Amino acid sequence: MTDHFFRKGGLILALAALLSVALGSGYGASLITWIAIAATMACSLRFVLLIGELNFAVAAFFGLGAYACGVTATIWELPFWVSLLASGMLALLVSAVFGYITLRVKGPYFLLIGFAFTEAMRILYTRSEWLGGNSGMVGIFPPEWLSDHFPTFVVVLCGLLILGMVRIERSHLGRVFVAIRDNDSVVRSVGIPVHLTKVLCFCIASFATGVAGALQAYSNNVISPLDFSFLLSTFALAYLKVGGEEHPAGPVVGAVVLVLLASVAQGMGGGEHIFYGAAIVISVLFMPRGLVGLAGRCRRPRKAAFKPSPGAQP
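Residues numbered from 1 in each chain as written. Predicted model: local features only at pLDDT ≥ 70, side-chain atom pairs only at ≥ 80, totals over all residues. Heavy atoms only, no water.

What to know about empty space enclosed by the protein
Then, in step 1: Throughout the structure, instances matching the rule amount to 1 cavity of 30 Å³ or more.
Then, in step 2: In terms of lining residues, the largest cavity is bounded by Cys43, Arg46, Phe47, Ile162, Met165, Val166, Glu169, Pro248 and Pro251.
Then, in step 3: Among the secondary structure elements, those contributing two or more residues to the lining of the largest cavity are helix H2 (27-49) and helix H7 (150-169).
Then, in step 4: Broken down by element, the lining of the largest cavity gets its largest block of residues, 4 residues, from H7.
Then, in step 5: Within the lining of the largest cavity, the residues separate by chemical class into 7 nonpolar, no polar and 2 charged. (1 Å grid on protein atoms, 1.4 Å probe; cavity = no way out; pocket = protein on both sides within 12 Å on 5 of 7 lines; lining within 4 Å. Points joined across faces, edges and corners; volume = space filled by probe spheres on them. Helix = DSSP H or I, 4+ residues; strand = E, 2+ residues; numbered from the N terminus. Nonpolar A, V, L, I, M, F, W, Y, C, P; charged D, E, K, R; others polar.)

If you want it as structure tokens, here you go:
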């Protein structure tokens, strides 16, 4: 079953890469780039849910990756691959410290701490003149040899990050994460360090988020503090709830649907935020398992309709 899932995931990734090539360098290519980055951020949010915590600090680590990319690419002028790796590693290291301190609390307390950390980082960017202050940083361009194929590169890299998180989720380590969510006392009783395991889960998700932030910086060529407010975490939560959090494909489906709809709703201005909030409310009320869960529920009755009864004659 797992191998079948990854074969299907690899096929979908290959098709998405071919689509990005076919779209060229126009608005369609930018749209598929945004979808890939949004899906990665939403999948990292879901990954932390494996230990039962809603990580509202995802926007902070996304911003850390973007600003690390901006510094390494424009100020230090480091190579492209080094910049990408540094962005992910900075997010990982900061998340290790943040997670070690904050993952001793649970539920709404952890969520509120993540919200406060996100806003604190945004204010820090605005007060740091060497990071451009309120104006942000400009001139973050991918290397020339990659510029014509950058959307395809983003789709492939984001797809590999998502498949990597799914692989970990379906491994023995992933089952430990889920066991911690279900009953951490039982996990602790068999000698597994619960707190450090939760920090490990948080670090893995933050590394993927940091790389996604770097890809966002290279894609937009400019970043500013307002790009990484708590609203970004709300968007990620909307992708997750609309798509469905029970299946790994849920965040991806949610990102595809909402990014495409948001591109249509761009003329709404500030109303776009209401659009995302309404998407979360509608999903919670009418699609508690998201679009993926709804599709699965519609498919099951159809199969049951063709299933012969136990007493039926051939």
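The discussion continues.
Observations regarding the environment of threonine 118
Then, in step 1: Structurally, threonine 118 can be placed in helix H5 (residues 108-127).
Then, in step 2: Overall, threonine 118 belongs to the buried group, its relative accessible area being 0%.
Then, in step 3: Counting along the chain gives 121 residues from threonine 118 to tyrosine 239, while the straight-line C-alpha distance between them is 19 Å.
Then, in step 4: Beyond its immediate sequence surroundings of up to four residues, threonine 118 is in contact with Phe56, Ala57, Ala59, Ala60, Phe228, Ser229 and Phe230.
Then, in step 5: Of note is the side chain of threonine 118, whose polar atom sits 2.9 Å from the backbone oxygen of glycine 114. (Buried < 20%, exposed > 50% of the residue type's maximum accessible area, 1.4 Å probe, protein only. Contact = heavy atoms within 4.5 Å. Polar contact = N/O pair within 3.5 Å; in protein donor to acceptor, adjacent residues only side chain to side chain.)

Some thoughts on the UniProt feature "transmembrane region" (unreviewed entry) in the chain
Then, in step 1: When the UniProt feature table is mapped to this numbering, "transmembrane region" (unreviewed entry) covers residues 82-101, 108-125, 145-166, 199-217, 223-242, 249-268 and 274-295.
Then, in step 2: What you have in residues 82-101 is 100% helix and 0% strand, and the ends, taken at the C-alpha atoms, are 29 Å apart.
Then, in step 3: The span residues 145-166 carries 91% helix and 0% strand; its end-to-end C-alpha distance comes to 31 Å. (UniProt positions renumbered as here; feature names shortened; annotations may be inferred.)

Examining helix H4 (residues 80-102)
Then, in step 1: The end-to-end C-alpha distance of H4 is 33 Å, a good match for the 33 Å that 23 residues give at a rise of 1.5 Å each.
Then, in step 2: Those residues of H4 that are buried are in contact with helix H3 (58-75), H5, helix H6 (144-147), H7 and helix H9 (194-220). (Expected span 1.5 Å × (residues − 1).)

Brief notes about the pattern of salt bridges
Opposite charge on two side chains makes pairing possible when the charged atoms of those side chains draw close.
Then, in step 1: Applying the stated criterion across every chain yields a total of 6 salt bridges.
Then, in step 2: Aspartate 184 is the salt-bridge partner of lysine 106, the closest N and O atoms lying 2.6 Å from each other. Highlighted residues: lysine 106 in the loop between H4 and H5 and aspartate 184 in helix H8 (residues 172-189), separated in sequence by 78 residues.
Then, in step 3: The exposure class of lysine 106 is partly exposed, given its relative accessible area of 44%.
Then, in step 4: The class of aspartate 184 is buried, set by a relative accessible area of 12%.
Then, in step 5: Among the salt bridges present, the one from aspartate 182 reaches arginine 181, with a minimum N-O distance of 3.5 Å.
Then, in step 6: What makes aspartate 182 exposed here is its relative accessible area of 56%. (Salt bridge = Lys/Arg side-chain N within 4 Å of Asp/Glu carboxyl O.)

Some details on the packing of H8 against H9
Then, in step 1: Contact geometry for H8 and H9: axes closest at 10 Å, N-to-C directions at 150 degrees. For the pair H8 and H9, the sense of crossing is left-handed. Note on element contacts: H9 touches H8 through Val194, Thr197, Lys198, Leu200, Cys201 and Ile204, opposite Leu173, Val176, Phe177, Ile180, Asp184, Val187 and Arg188.
Then, in step 2: Taken together, the residues that form the contact of H8 with H9 break down as 9 nonpolar, 1 polar and 3 charged. (Axes fitted to C-alpha atoms, helices over the stretch in contact; angles between N-to-C directions. Left-handed = near helix turned anticlockwise from the far one by under 90°.)

Focus: the confidence of the model for the chain
Then, in step 1: Mean pLDDT over the chain works out to 89, with 91% of the residues at or above the 70 mark.
Then, in step 2: This stretch, residues 303-314, has a pLDDT under 50; its non-local contacts, to residues over four places away or in other chains, come to 0 contacts. (pLDDT = per-residue confidence, 0-100.)

Observations regarding the packing of aromatic side chains
Then, in step 1: Taken as a whole, this structure holds 20 aromatic pairs when the rule is applied.
Then, in step 2: Judged by centre distance (5.9 Å) and plane angle (75 degrees), the ring pair of phenylalanine 110 and phenylalanine 202 falls under edge-to-face. With a gap of 92 residues between them, phenylalanine 110 in helix H5 and phenylalanine 202 in helix H9 connect regions that are remote in the sequence. Grouping residues by exposure puts phenylalanine 110 and phenylalanine 202 together as buried.
Then, in step 3: One aromatic cluster in this structure is built from Phe80, Trp81, Trp145, Phe150, Phe153 and Tyr218.
Then, in step 4: The ring of tyrosine 100 carries arginine 104 above its face, with NZ or CZ at 5.0 Å from the centroid. (Phe/Tyr/Trp six-rings, centres within 6.5 Å; stacked < 30°, edge-to-face > 60°. Lys NZ or Arg CZ within 6 Å of the ring centre and 35° of its normal.)

Some points on the nonpolar core
Side chains that are nonpolar tend, in soluble globular proteins, to be buried together.
Then, in step 1: Formed by 83 residues in total, the largest nonpolar core has its most connected members in Phe61, Leu84, Phe150, Phe153, Leu215, Ile223 and Tyr239.
Then, in step 2: Ranked by residues supplied to this core, first place goes to H2 with 14 residues.
Then, in step 3: Setting aside residues up to four positions removed in sequence, phenylalanine 150 forms contacts with Phe80, Pro142, Leu215, Tyr218 and Ser219. (Core = buried A, V, L, I, M, F, W, Y, C linked by side-chain atoms within 4.5 Å.)

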